[in-house]
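Now for the letters of each chain:
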Amino acid sequence: MNNIKTYVEQHKDRFIEELITLLKMPSVSADSAFSQDVINTSEAVKIALEKAGCDQVEVCETPGYPIVYGEKIIDPNLPTVLVYGHYDVQPADPIDLWDSPPFEPVIKKTDIHPEGAIFARGASDDKGQMYMHVKALEYMTKNNNLPCNVKFMIEGEEEVGSESLSWFVKQHQDKLANDVILISDTGMISNTQPSITTGLRGLSYVEVEVTGPNRDLHSGLYGGAVANPINILNKMIASLHDENNHITIPGFYDNVENLSAEERVEMAKAPFSLDAYKKALDIEAVYGEKGYTTNERNSIRPTLDVNGIWGGYTGEGAKTVIASKAHAKISMRLVPNQDWEEITELFKNHFESIAPKGAKVKVKPHHGGQGYVTPIDNIGYRAAAKAYQDSFGVTPIPQRSGGSIPIVALFEKELKSKTILMGFGLDSDAIHSPNEHFGIFNYLKGIETIPLFYKYFTEMS
Ligand code: BES
Ligand code: MN
Ligand code: MN
């Protein structure tokens, strides 16, 4: 299959152009102002899958955004790879902080990407990574070397919790039957040291509201005499971590799976420079749970973070006011064995219990999902490792990630198969941030590596 390199070389300009066309579509699932764009993007994905050689492609309606399903079955006796990805993207806000408009892709060189990177919302998460699979399929069908069956399932609600996909998967176990699930929606250590993601954190996302007096008050006339909901909310939030940055919610750590000393030693072997990490973020020191390294804090340990907080007067100038209400959005990243619904309940009970008299608290759960860890002693992992070895000339390192793709745990439960997370992004891609980008090297390397996975997985099956 040596000529995948040649094929990529011959067609790379078109591959980049096609991705740019897709990136121009603002498929922001969180904001209903873009709903028509999200739907249009599902149509574009359908056409791309047809052109790449899928026999049967459908845009499946759901209570939310459509799921694009396509397949190419060459022989029912051969193994089947199910590719999952998402065509929706995060909102581009704050738009002012982008150096170029988020939906007008541009290619620019960076220190990490001397060969250039495509800057646009969704470039890395996940349109660029999803589209690598479409182009890899194109290569295999055009060159008659697709070694097994393939099914594609590309959704439009990943960034808002994959609700419709859960519904779809539970309903279509037979249609989605497969031997392995393949996803490129994560990252790797660097362009010279590939890694395969072997774990994802779970998530519980909640919104809280604190109400004090029944109306906004003059902060002089009433200040000091009534509970100020913004002060109270901040006090409550601050109390959720102790002096060691441990989370104080009773029972929060009860089911946390602790790694053995050997596993932690193994983890610490992955190349990592704390200095480079601090420099990239322009911070003087890292911060987190006592007793754990930076890489442990952001992968094998659970967290609690405020994602947004608002209330009172935030306009120009000064207004003297005690607001009636204060709000915050809080995410908890969870590790294996923590159940997201149980954690949501623990949070709710605790948060309500610490509210002082004179303030009312409401906790509204948003969405969540279980964490995931996958062993490396299976053919899916071995085939992926061999594929990276071939295309990068370096053995990939298994690594647990701090991010979440909640649907992966559901895949395992409903479809009974393992997921292989072959991500080609980098932490520096700025996913969910202004100036998101995806390296041209990463994009083309992904297209080159994926057909090798199909080859080795089929051989090992
Ligand atoms: N692709 C990301 C998750 C990711 C990125 C995992 C990098 C590992 C490495 C995904 O699109 C995402 O952003 N997930 C959300 C959760 C979702 C329920 C909104 C997340 O992790 O915040
Ligand atoms: Mn993603
Ligand atoms: Mn994302």
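Structure shown above.
Residues numbered from 1 in each chain as written. Chains lettered and ligands numbered in written order. Predicted model: local features only at pLDDT ≥ 70, side-chain atom pairs only at ≥ 80, totals over all residues. Heavy atoms only, no water.

Looking now at the sheet that holds strand β13 (residues 325–334). Strand-to-strand pairing in sheets goes through backbone hydrogen bonds, with the strands running parallel or antiparallel. Taken in spatial order, the four strands line up as β11-β13-β9-β14 in an open sheet, and their pairing is antiparallel. The sheet terminates laterally at β11 (303–311) and β14 (360–369), the two strands that pair on one side only. Adjacent strand axes in the sheet meet at a mean angle of 20°, parallel and antiparallel pairs treated alike. Relative to β13, strand β9 (residues 202–211) is paired through 10 bridges, and the arrangement is antiparallel. (Pairing = 2+ DSSP bridges. Helix = DSSP H or I, 4+ residues; strand = E, 2+ residues; numbered from the N terminus. Axes fitted to C-alpha atoms, helices over the stretch in contact; angles between N-to-C directions.)

Moving on, we get to unusual backbone geometry. Glycine aside, residues mostly have negative phi angles, and peptide bonds mostly take the trans form. Of the consecutive residues Asp93 and Pro94, the connecting peptide bond is found in the cis state with omega at -10°. In this structure, Pro94 sits in the loop between β3 (80–86) and β4 (106–108). Even without glycine at this site, Ser162 takes up a positive phi of about 55°. Its location among the elements puts Ser162 in the loop between β6 (149–155) and α4 (163–171). By relative accessible area, Ser162 is classed as buried at 2%. At Lys416, a residue that is not glycine, the phi angle is positive and equals roughly 55°. In this fold, Lys416 is placed in the loop between α11 (407–415) and β17 (419–421). (Buried < 20%, exposed > 50% of the residue type's maximum accessible area, 1.4 Å probe, protein only.)

A separate point is the site of ligand 1. Ligand 1 sits among 17 residues. The nearest are Glu158, Asp185, Arg333, Ser404 and His432. Note that a nitrogen atom of ligand 1 is positioned 2.9 Å from one of the backbone N or O atoms of Ser404. With the chains in place, 88% of the 520 Å² that ligand 1 exposes on its own is no longer accessible. (Near = heavy atom within 4 Å. Polar contact = N/O pair within 3.5 Å; in protein donor to acceptor, adjacent residues only side chain to side chain. Areas by Shrake-Rupley, 256 points an atom, 1.4 Å probe, with all protein chains shown as cover.)

Octahedral metals with six donors have ideal donor angles of 90 or 180 degrees. Tetrahedral metals with four donors have an ideal donor angle of 109.5 degrees. Surrounding the manganese ion (ligand 3) are the protein donor atoms Asp125 (OD), Glu159 (OE), Glu159 (OE) and His432 (NE2), at 2.1 to 2.5 Å. Considering all six donor atoms around the manganese ion (ligand 3), angles at the metal cover 56 to 154° and the coordination shape is irregular. Counting gaps between the donor residues of the manganese ion (ligand 3) yields the pattern D-x33-E-x272-H. A separation of 3.6 Å is found between the manganese ion (ligand 3) and the manganese ion (ligand 2), both of which receive a donor from Asp125. Taken as a pair, Asp125 in the loop between β5 (117–119) and α3 (127–142) and His432 in the loop between β17 and β18 (437–439) lie far apart in primary sequence, 307 residues in all. (Donors = N, O, S within 2.8 Å, 3.2 Å for Na, K, Ca; no water. Tetrahedral: all angles 85-135°; square planar, octahedral: opposite > 155°, others 65-115°.)

For helix α9 (residues 340–353), with 14 residues, the first-to-last C-alpha span of 20 Å sits near the 20 Å given by 1.5 Å per residue. Listed as buried for α9 are Ile343, Thr344, Phe347, His350 and Phe351. Looking straight down α9, one finds its buried side chains confined to an arc of 140°; they lie on one side. Within α9, the exposed residues directed more than 90 degrees away from the buried face are Glu341 and Ser353. Those residues of α9 that are buried are in contact with β9, α5 (229–238), β11, β13 and β14. (Expected span 1.5 Å × (residues − 1). Arc of directions from axis to C-beta. Contact = heavy atoms within 4.5 Å.)

Spatially, three strands are ordered β4-β5-β18 in an open sheet, and the strand pairing comes out antiparallel. A strand with exactly one partner marks an edge of an open sheet, and here the two such strands are β4 and β18. Each strand of the sheet is rotated relative to its neighbour by a mean of 30°, with strand direction disregarded. By the bridge criterion, three bridges tie β5 to β18 in an arrangement that is antiparallel. Each bridged residue has a counterpart across the sheet, and for Ala117 the counterpart in β18 is Gly439.

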